[in-house]
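A look at the structure
Each chain is listed here by its residues.
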Amino acid sequence: ERIKKHLNSEAGISGKAISVINQSVSDEYLTEVKQNADRLVIFSASRFTKDKSMDVYIKAANRIKKSYPGRCDFYISGEGELEKELKDLNAAEGGAVNFVDSGQGYKLMLKKAHIFVFNSLHEGIPIVLLEALFSGCFILTSAYEGYKDVFTTYDIPAYEPGNHQDLETLLESVILNYEIND
C-alpha cells in the first residue's frame, strides 16, 4: 500500500491502475540464535526444476562434505519434476545432502540452518531468500540478473549462476571463516 501511495503521489499514476498483491514473510521464521553449535547446517530450498539449478548445490555440497566431513551438514527442501534426478545425482556424488519435505521440514530447517544457499538462474524477488534472511541465516546466492537490485543494503556473497565449482569455492571460504554460536 505504501508503494501504491508513493507511485500515485510521486509518479502521478492513478491508484485505480495499481493492484497491490500482499506477500509477506511470516514471523514464524524469525530466530535469534541458531542451534547445533557443533556443526554448521547448510540449507537450500526451491522448486526442483531446471531453472532453479539445485544440481549445482548438490555437486558443491558433496565435494565440500568430502573435504570437511565433520564440519557441516547439508540439507535441501523442495519438490518438482527433477526430484528423482536430483536424488539420483546426490547418491552418485556421495549422498551428502539430506532431503527434507517442503512443509514442516522446510520450516524446521530455516530455524536450524546457519547458511542458506540460493541457486536460481534467474529470479524476481525470491521469497525463500527473504525467509532465510529473516530466520537469521548467512546467505550465499547465485549472481542471478537483478540480485543486487533486490538486496541493495546487504553485501551478499554471490557465485556465477550454474557453476558448482564457483559455489564450492565460495562455500569453502565461508565454512572456514564462519563462527558458530555457542
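Structure's up top.
The model shown is predicted, which means the values in this text are computed figures rather than measured ones. (Residues numbered from 1 in each chain as written. Predicted model: local features only at pLDDT ≥ 70, side-chain atom pairs only at ≥ 80, totals over all residues. Heavy atoms only, no water.)

Turning our attention to the sheet that holds strand β2 (residues 72-77). Read across the open sheet, the six strands follow the order β3-β2-β1-β4-β5-β6; overall the sheet is parallel. A single partner strand is all that each edge strand has here, and the edge strands are β3 (97-100) and β6 (158-159). Summarising the sheet, strand β5 (residues 138-142) and β6 pair through two bridges and their orientation is parallel. When the sheet's bridge partners are listed, S142 is paired in β6 with Y159. Sitting on the sheet, helix α5 (residues 127-134) touches β1 (40-45), β4 (115-118) and β5, and the angle it makes with β4 is about 165°. (Pairing = 2+ DSSP bridges. Helix = DSSP H or I, 4+ residues; strand = E, 2+ residues; numbered from the N terminus. Contact = heavy atoms within 4.5 Å. Axes fitted to C-alpha atoms, helices over the stretch in contact; angles between N-to-C directions.)

To continue, consider the packing of aromatic side chains. One pass over the full model with this rule turns up five aromatic pairs. Ring geometry for Y57 against F74: centres 6.1 Å apart, planes inclined by 70°, an arrangement best described as edge-to-face. Of the two residues, Y57 sits in helix α2 (residues 54-67) while F74 sits in strand β2, which places them 17 residues apart along the sequence. Counting every residue linked through ring pairs, the aromatic cluster contains F43, Y106 and F116. (Phe/Tyr/Trp six-rings, centres within 6.5 Å; stacked < 30°, edge-to-face > 60°.)

Quick look at the environment of L40 now. Along the chain, L40 turns up in strand β1. By relative accessible area, which is 0% here, L40 ends up buried. On a C-alpha basis, the gap between L40 and C72 in space is 4.4 Å, while along the polypeptide they are 32 residues apart. (Buried < 20%, exposed > 50% of the residue type's maximum accessible area, 1.4 Å probe, protein only.)

The next thing to look at is the layout of surface pockets. In this structure, the second largest pocket encloses a volume near 270 Å³. Residue lining of the second largest pocket: 15 residues in total, with A45, S46, R47, Y106 and V128 positioned closest to the centre. When residues of the lining of the second largest pocket are assigned to their parent elements, the largest contribution, three residues, is made by α5. Looking at the lining of the second largest pocket, its residues break down into six nonpolar, four polar and five charged. (1 Å grid on protein atoms, 1.4 Å probe; cavity = no way out; pocket = protein on both sides within 12 Å on 5 of 7 lines; lining within 4 Å. Points joined across faces, edges and corners; volume = space filled by probe spheres on them. Nonpolar A, V, L, I, M, F, W, Y, C, P; charged D, E, K, R; others polar.)

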